[in-house]
Amino acid sequence: MKTFVGITGTTSVGKSNVAVHLAQLMNTEVISADSMQIYKGMDIGTAKIKPEEAHGIKHHMIDIVEPDCNYSSYLYQRDTSNIIDNMCSVPIVVGGTGFYFDSLLYPPEFGNSTPKRRAELQEILHRDGLAVLAEMLKNLDEQTYSEIDLCNPKRVIRAIEIAESGKPKSQGQGKIKPRYNMVLFVLERERNALYAQIDNRVDRMIEQGLVDEVRNLVDKYGYIDTPAFSAIGYKEIIEYLQKNTTLQEVIDKIKINSRHYAKRQITYFKKMNVTDIIDVDGKNSAEIATYIYRQLKNQGII
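Residues numbered from 1 in each chain as written. Predicted model: local features only at pLDDT ≥ 70, side-chain atom pairs only at ≥ 80, totals over all residues. Heavy atoms only, no water.

Asker: Help me out: how do you make sense of unusual backbone geometry in this one?
Answerer: Peptide bonds are mostly trans, and most non-glycine residues show a negative phi. Backbone geometry places S12, a non-glycine residue, at a positive phi of 70°. Residue placement: S12 occurs in the loop between β1 (3-9) and α1 (15-26). If you check the backbone angles, A47 has positive phi at about 55° while not being a glycine. Summarising the element assignment, A47 is placed in the loop between β2 (30-32) and α2 (51-54). Its relative accessible area of 26% is what places A47 among the partly exposed residues. (Helix = DSSP H or I, 4+ residues; strand = E, 2+ residues; numbered from the N terminus. Buried < 20%, exposed > 50% of the residue type's maximum accessible area, 1.4 Å probe, protein only.)

Asker: Would you mind showing me how to read the packing of aromatic side chains here?
Answerer: Remark: the centre distance and the inter-plane angle together describe each pair of aromatic rings, the angle taken between the planes. Here the structure, examined in full by the defined rule, presents 4 aromatic pairs. Summarising the aromatic geometry, the rings of F4 and Y180 are spaced 6.0 Å apart at their centres and angled 70° between planes, so their arrangement reads as edge-to-face. Taken together, the positions of F4 in strand β1 and Y180 in the loop between α9 (169-172) and β5 (181-188) put the pair 176 residues apart, joining distant regions of the chain. Residue Y180 is classed as buried on the basis of its relative accessible area, which comes to 3%. Centre to centre, the rings of F99 and Y100 are 5.1 Å apart; their planes meet at 70°, and the pair counts as edge-to-face. Site record: aromatic cluster; members linked through ring pairs are Y76, F99 and Y100. (Phe/Tyr/Trp six-rings, centres within 6.5 Å; stacked < 30°, edge-to-face > 60°.)

Asker: Help me understand the side chain of D34, please; the structure alone is not making it clear to me.
Answerer: In this structure, D34 sits in the loop between β2 and α2. For the buried D34, no salt bridge exists, and the shortest N-O distance to an oppositely charged side chain is 6.4 Å, to K15. Within the local environment of D34, its side chain forms a polar contact with the backbone nitrogen of Q37, the two atoms lying 3.0 Å apart. (Lys, Arg positive; Asp, Glu negative; His and termini not counted. Salt bridge = Lys/Arg side-chain N within 4 Å of Asp/Glu carboxyl O. Polar contact = N/O pair within 3.5 Å; in protein donor to acceptor, adjacent residues only side chain to side chain.)

Asker: Any chance you could explain the sheet that holds β5 here in plain terms?
Answerer: Strand pairing in a sheet takes place through backbone hydrogen bonds and is either antiparallel or parallel in direction. Reading across from one edge, β3-β2-β4-β1-β5-β6 is the order of the 6 strands in this open sheet, with parallel pairing throughout. Each edge of the open sheet carries a strand with a single partner, namely β3 (59-60) and β6 (276-279). Strand direction decides the pairing type here: β2 and β3, joined by 2 bridges, are parallel. Across the sheet, V30 pairs through a bridge with H59, a residue of β3. (Pairing = 2+ DSSP bridges.)

Asker: Would you take a moment to explain the pattern of salt bridges for this structure?
Answerer: A side chain with one charge may pair with a side chain of the opposite charge, provided their charged atoms come close. In total, this model carries 14 salt bridges according to the counting rule given. Of the charged contacts in the structure, one is a salt bridge between D43 and K48, with a shortest N-O distance of 3.0 Å. Classification of D43 as partly exposed rests on a relative accessible area of 35%. Owing to a relative accessible area of 8%, K48 belongs among the buried residues under this scheme. As a salt-bridge pair, D212 and R215 come within 2.7 Å of each other at their nearest N and O atoms. Of this pair, D212 and R215 both sit in helix α11 (residues 210-221), 3 residues apart, which is roughly one turn of the helix. Given the relative accessible area of 33%, R215 is considered partly exposed. One salt-bridge network, in which partners are shared between bridges, spans K40, E66 and K220.

Asker: Where do I start with the pairing of β1 in this structure?
Answerer: If a strand is regular, its side chains alternate between the two faces of the sheet. Burial within β1 is extensive, with 7 of its 7 residues counted as buried. What you see with β1 is no split at all: T3, V5, I7 and G9 on one side and F4, G6 and T8 on the other are buried throughout. Relative to β5, β1 is paired through 7 bridges, and the arrangement is parallel. What sits directly across from T3, in β5, is N181. With 3 bridges connecting them, β1 and strand β4 (residues 92-94) associate as parallel partners. Among the inter-strand pairings, V5 is bridged to a residue of β4, identified as I92.

Asker: Please clarify how the environment of M26 should be interpreted in this entry.
Answerer: By the secondary structure assignment, M26 is in helix α1. Residue classification places M26 among the buried positions, given a relative accessible area of 13%. Apart from the residues lying within four places of it in its own chain, the contact partners of M26 are V5, V90, I92, Y293, L296 and I302. (Contact = heavy atoms within 4.5 Å.)

Okay, here's the thing in structure tokens:
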């Protein structure tokens, strides 16, 4: 069974820089586990790593599809597994999308929805709204309801499909042998410090031109109903471009939604098979990477 090193944590905790330092120590490559960094043209709002920040470390699963595409967790595990299986070194999978890690360990085994049922759920979404679908999911599988991003229509619909298949998503993992051996490190920061980091990041994104980035995407694709356009930071700016709110109101809303997302991430991480939880406060990326490297050496992973 092949092994990969996982690095996860909430938004704004500093995962990407740690992964680069660790990849340098391990002489390996990085695979993104971020459900929004897969989209081309979405750079500022997803905090996509810049070439100068990568320091020559090869990154996979970034900028692989257009924002008007529907890219599923099934496609992610298919494409990422192909990369892992063909690598000679132990790769580092890094990102805050917890269910991407789960999809690698436990490829989709149930929940094959028919086109008719998918269309019915889409109709409910457009007619009654996302809140109605979320309530449906809660009644079907309350654990998954508490874990996933309820602001993402695609994920809610997929979770309903899996739950309706007769075996809820929350019961699917752990019942089969994992495909890989995952050594997972969760980076965490004190809550108030994390919220300050989130607020600072949102302010930087606005300064770096997030509004223009979203405007360019809308000019190219129009206002479309895809996961990319439902991402935090993008959906709020779209509201601003549609003149439904002020820029300051949008900035405040992005910060609040990002904090709520971080809370959901923390809830999800608690249910994952974690090797070590690392408090990153007061430590730089190189120090954290060195600590992880030593742990891996001690465990005989590398």
